[in-house]
Amino acid sequence: MVRSLPGRLALYIAALVIAVYSAFPIYWMVLSSLRAPDVLLTSTSLIPGPFTTEYYWNLLELTDYPTQFVNSVIVAAVTVVVTMVFSVMIAYAVTRHRVPGKRLIIGAMLYAYMFPPLLIAIPMFSIFAKLGLGDTLASVIVSHLTLTLPLGVWFLWGFFKSMPFELEEAAMVDGCTRLGAFLRVVLPLSLPGLITVAIFSFLLSWTDYTYALIMIGSDANKTVPVGLASMIGSFDLRWGEIMAGSTLIALPLFGAFALLSQYFIQGLGAGAVKG
Amino acid sequence: MSSKSTIYSFLILGLAVTLLLIVAPVVYAISLSFYRMDSFVGTPEWAGLDNYARVLSQWEFWRALINGFVYSLGTIVFQVVLGIGFALVLNQVFPGRNLVRGLSILPYLLPTVVVVLTFKWMVDGSIGVLTNVIAALGLPPVYWFESPGAAMASVILVSVWMWTPFVTTTFLAALQTVPTSLYEAAKVDGTTAIQRFFHITLPMLKPILTVIVLLRAVWMFNKFDVIWLLTQGGPVGSTEHLAILSYRTAFSLFDIGGGAAIATISFAILSVAVFIYFRMFPLDTE
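These numbers come from a predicted model, not from an experiment. (Residues numbered from 1 in each chain as written. Chains lettered and ligands numbered in written order. Predicted model: local features only at pLDDT ≥ 70, side-chain atom pairs only at ≥ 80, totals over all residues.)

### Remarks on the overall build of chain A
Stage number 1. Along chain A, the regular secondary structure elements total 13 helices and zero strands.
Stage number 2. In chain A, the order of α-helices and β-strands from amino to carboxyl end is α-α-α-α-α-α-α-α-α-α-α-α-α.
Stage number 3. Principal-axis analysis of the C-alpha atoms gives chain A an extent of 70 × 70 × 35 Å.
Stage number 4. By the burial criterion, 47% of the 275 residues in chain A qualify as buried.
Stage number 5. Excluding contacts between residues fewer than 6 apart, the proportion of contacts in chain A whose partners are at least 24 apart in sequence is 73%. (Helix = DSSP H or I, 4+ residues; strand = E, 2+ residues; numbered from the N terminus. Buried ≥ 20, exposed ≤ 12 C-beta atoms within 10 Å, placed from the backbone. Contact = placed C-beta atoms within 7 Å.)

In C-alpha cells, the structure reads:
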C-alpha cells in the first residue's frame, strides 16, 4: 500500500510505541539484574552498566533459588510428559470412534478451562493433606494436570479431527494393528500438535503461582515463582537479586519462544491458550 | 490387540483421568460447601445451607462480587481495545514488523510473579524508573497501592499489560482471513479507513471477537495470582474479589466450608458464561 509521508510517520511511531510498551519492563528487569549495587538504587540511566553479576551469584549461593529452580524443572517436565501421553490417547480415542462418553469428555475438558482455581485447589489440598502427601511436588503436578490435560485434549481433538482417517486405514490394510498405526503413522504426523501442547503445558506449569502457593508450605519444596514472591515479603528488599531471579525464570520461556514461535502463535489461534 | 480394544482402552483411560482430575475435585468441592470443617484433615460435619447463608449475609461477599465485575470489565475493555489497535498496526507493512510482532507477545509469556515484581520495582517509592519519569514530567507522584481507586487501577493496568498480547495475536491472525477484495471494492467506493474498519473488519470478525471476549471474561473473573501478588486484596478489601475471598476464607480463616461455598458460587456464575458459549458454539463431536 502506498502511503503519504505523515501516514507512514504515524505508523512508525505507533509501531515504536508498541515495541517500547511491550519490551521496556523486560529490558529494565534484565538491565537492573546486571547493574552494580552502588548505582542500582540511584541510576535511572537507560544505558546498561556498570555491570555486575553479583546478584546472580548471591542468588545461587545464598538462597534456596537453585533448589527451587530444580523443583520447577521437575514439576514442569513431569507435567508436560504426562499431559502429552494422556491427552494424545484421549483425543485420539474421542476422534476415531463413535462411543458413549465422548461428549462428556470433550465437554468436561472445555468446561475445566473455565473453573475457578479455588474450586480445584480447596479439594485438592484437602485430599493431599488427608493422604499425607501435602507439601509435595506430586501434589503440585497433579493440580497442574487439571489445567494442562484439558488444554491438551481440547487442542489435539481439533488437530486429530482434521487428520484424514484414511492414513491409519491404509496402514492397517497393510497389516499394521491399530496400535501400530497409531504409533507409526498418527504420532509422527501429529508432531506439530504435540509440540504446541508441550509448549503450552510447560508455560502453564512453569509460570503457575496459585496452585504452588496453596499446595506447598516449605521453602525447600517451593517452585521458583512462589520462592521469588516470598523474597518481596522479607524486610530488606534486595531488588538486584529479585530482578536476577525474575530474569532467570523468564529466560527459558524467551529461549523457547525464539525457537518455537510458529507453534506458539498457531496454538494461540487454535485455542490452546493459558489463562 | 484388536482395533476396538485399543480405542476402548484409550477411551476408558480418558474417562478415568477426566473423572479423577476434573469431575471428582469439583464434586468434592461442592459437597464440602455443605459441611462445616475447620481443618483440612478434620472430619466434616453436615451443615446444610449454613455456609451459603453465612457467606451471602456478609457484605464482604457482595463487595468481592462487585470488585470482580469491575476488575473483569475494566481489564477486558482495555485489553480488547488495545489488542485490536495493536493488531491493526502490526498488520501494516513496515520495516522490522516481525521484530515488533515478536516483542508484542513477550508480556504474555512472563510468569505473573515476574511481571508483578518488575512492576513493583519500576514504581518503587523514590527510586523506581516510572516514579522518576513521572517526576521528570512534572506530574504529581502516583501512590499506586495506597488508595482503593488507585489500587484497582494498578491491578487493572498490570493485568492489561500481561494479557493484551492474547487479543493482539488472535485478532491479528483473524485479520488475515478477511478477503482483501472486500477492502479493494470499498476503497473504489471512496470509503475511509475508519469506515472500512467499522463496516468490513468488525462485522467479519464478530464471531472470533465474541470468543475472545467470552474466554477473557471468564479468565479475568477467575484470576487470582496477579491481584494477590500486587495487593493481597487491599487496601481495606478494595481489590478483593471472589477468588481472593475464597482463598482467605479457606486458608487463613480455616472456614473450609465457607471457602468452598464461595468457590461454588463463582463456579455457578461462570457456568452461565460457559452455557452461553456452548449455545453459541455447539460442540461438533462428529
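### Re the overall build of chain B
Stage number 1. Within chain B one finds 13 helices and two strands.
Stage number 2. Based on the C-alpha atoms only, the size of chain B along its principal axes is roughly 70 × 70 × 35 Å.
Stage number 3. Looking at the 286 residues of chain B, the share that counts as buried comes to 41%.
Stage number 4. Within chain B, contacts between residues separated by at least 24 positions form 68% of all contacts whose residues are at least 6 apart in sequence.

### Focus on the environment of G74(B)
All names here are of chain B.
Stage number 1. Its place among the elements puts G74 in helix α3 (residues 59–90).
Stage number 2. Assessed through the 18 C-beta atoms surrounding it within 10 Å, G74 is described here as partly exposed.
Stage number 3. Here the alpha-carbon distance between G74 and I156, two residues 82 residues apart in the chain, equals 6.6 Å.

### Some words on the domain arrangement of chain A
Residues and elements named next belong to chain A.
Stage number 1. The domains assigned to chain A are domain 1 (1–52) and domain 2 (63–270).
Stage number 2. Domain 1 and domain 2 are separated by 33 Å when their C-alpha centres are compared.
Stage number 3. If you look at the interface, domain 1 gives six residues, while domain 2 gives six residues.
Stage number 4. For the side of domain 1 that touches domain 2, the elements supplying multiple residues, two or more each, are α1 (5–33) and α2 (37–40).
Stage number 5. If you tally residues by element for the side of domain 1 that touches domain 2, the top one is α1, at four residues.
Stage number 6. Considered class by class, the residues forming the side of domain 1 that touches domain 2 number four nonpolar, two polar and no charged. (Domains from an automatic or database assignment. Nonpolar A, V, L, I, M, F, W, Y, C, P; charged D, E, K, R; others polar.)

### A look at the UniProt feature "transmembrane region" (unreviewed entry) in chain A
All names here are of chain A.
Stage number 1. When the UniProt feature table is mapped onto this chain numbering, "transmembrane region" (unreviewed entry) sits at residues 9–30, 69–92, 104–129, 141–160, 181–206 and 242–265.
Stage number 2. The distance separating the terminal C-alpha atoms of residues 69–92 is 34 Å; by composition the span is 100% helix and 0% strand.
Stage number 3. Within the segment residues 181–206, helix and strand shares are 96% and 0% respectively, and the terminal C-alpha atoms sit 33 Å apart. (UniProt positions renumbered as here; feature names shortened; annotations may be inferred.)

### Let's talk about the interface of chain B and chain A
Stage number 1. Between chain B and chain A, the contact holds 71 residues from the first and 79 residues from the second.
Stage number 2. Looking at which element gives the most residues to the side of chain B that touches chain A, the answer is helix α1 (residues 3–32) of chain B, with 18 residues.

### Section: the UniProt feature "transmembrane region" (unreviewed entry) in chain B
Residues and elements named next belong to chain B.
Stage number 1. UniProt's feature table lists "transmembrane region" (unreviewed entry) at residues 69–90, 102–121, 127–145, 152–177, 197–219 and 253–278, given in the numbering used throughout.
Stage number 2. From the first C-alpha to the last, residues 152–177 spans 37 Å; its make-up is 92% helix and 0% strand.
Stage number 3. The distance separating the terminal C-alpha atoms of residues 253–278 is 37 Å; by composition the span is 88% helix and 0% strand.

### Things to note about the nonpolar core
Nonpolar side chains tend to gather and get buried jointly when the protein is soluble and globular.
Stage number 1. Counting residues in hydrophobic clusters, the biggest one holds 150 residues, and the most contacted among them are I90(A), A91(A), I122(A), L156(A), V116(B) and V158(B).
Stage number 2. The element contributing the most residues to this core is helix α7 (residues 137–161) of chain A, with 15 residues.
Stage number 3. When residues of this core are sorted by domain, at least three fall in each of domain 1 (1–52) and domain 2 (63–270) of chain A.
Stage number 4. In this structure V158(B) touches V115(B), V116(B), F119(B), V226(B) and L230(B), once residues within four positions along its chain are discounted. (Core = buried A, V, L, I, M, F, W, Y, C linked by C-beta atoms within 7 Å.)

### Comments concerning the UniProt feature "domain: ABC transmembrane type-1" (unreviewed entry) in chain B
Stage number 1. Within the UniProt annotation, "domain: ABC transmembrane type-1" (unreviewed entry) is assigned to residues 65–278 of chain B.
Stage number 2. Secondary structure within residues 65–278 of chain B divides into 77% helix and 0% strand; the distance between the first and last C-alpha atoms comes to 24 Å.

### Quick notes on the packing of helix α6 (residues 117–130) of chain A against helix α13 (residues 256–280) of chain B
Stage number 1. Interaxial distance between α6(A) and α13(B) falls to 8 Å at its minimum, and their mutual angle equals 150 degrees. By the criterion of interaxial angle, the relationship of α6(A) to α13(B) is roughly antiparallel. Where α6(A) crosses over α13(B), the two elements pack in a sense that is left-handed. Touching L118(A), L119(A) and I122(A) of α6(A) are I256(B), G259(B), A260(B), A263(B) and F267(B), all from α13(B).
Stage number 2. Considering only residue class, the contact of α6(A) with α13(B) consists of seven nonpolar, one polar and no charged. (Axes fitted to C-alpha atoms, helices over the stretch in contact; angles between N-to-C directions. Parallel < 35°, antiparallel > 145°, perpendicular 65-115°, else oblique. Left-handed = near helix turned anticlockwise from the far one by under 90°.)

### Comments concerning unusual backbone geometry
Stage number 1. The phi angle at D135(A) is positive, at roughly 60 degrees, despite the residue not being glycine.
Stage number 2. Among the secondary structure elements, D135(A) is positioned in the loop between α6 and α7.

### Comments concerning α1(A)
Residues and elements named next belong to chain A.
Stage number 1. Compared with an ideal rise of 1.5 Å per residue, which puts 29 residues at 42 Å, α1 spans 41 Å between its outermost C-alpha atoms and is within 8% of the ideal.
Stage number 2. Along its length, α1 shows its largest kink, about 45 degrees, at A23, and proline P25 lies within four residues downstream of that point.
Stage number 3. Among all positions in α1, only A15, I18, S22, P25, I26, M29, L31, S32 and S33 are buried. (Expected span 1.5 Å × (residues − 1). Bend = angle between axes of the 7 residues up to and from the residue.)

### Notes on the environment of F145(B)
All names here are of chain B.
Stage number 1. The residue F145 is located in the loop between α6 (129–136) and α7 (148–175) in this model.
Stage number 2. Judged by the 20 C-beta atoms lying within 10 Å of it, F145 is buried.
Stage number 3. With near-sequence residues (within four places) excluded, F145 lies in contact with A150, A151, S154, T231 and P235.

### A word on the packing of helix α2 (residues 50–57) of chain B against α13(B)
All names here are of chain B.
Stage number 1. Where α2 contacts α13, the two axes come as close as 9 Å, and the packing angle between them is 70 degrees. Relative to α13, the element α2 lies roughly perpendicular. Here N51, Y52, R54 and V55 of α2 lie close against α13, whose contacting residues are G257, G258, A261 and I262.

### Regarding the confidence of the model for chain B
Stage number 1. In the predicted model, chain B carries a mean pLDDT of 88, and the fraction of residues at 70 or more is 98%.
Stage number 2. Complex prediction metrics read pTM 0.90 and ipTM 0.90. (pLDDT = per-residue confidence, 0-100.)

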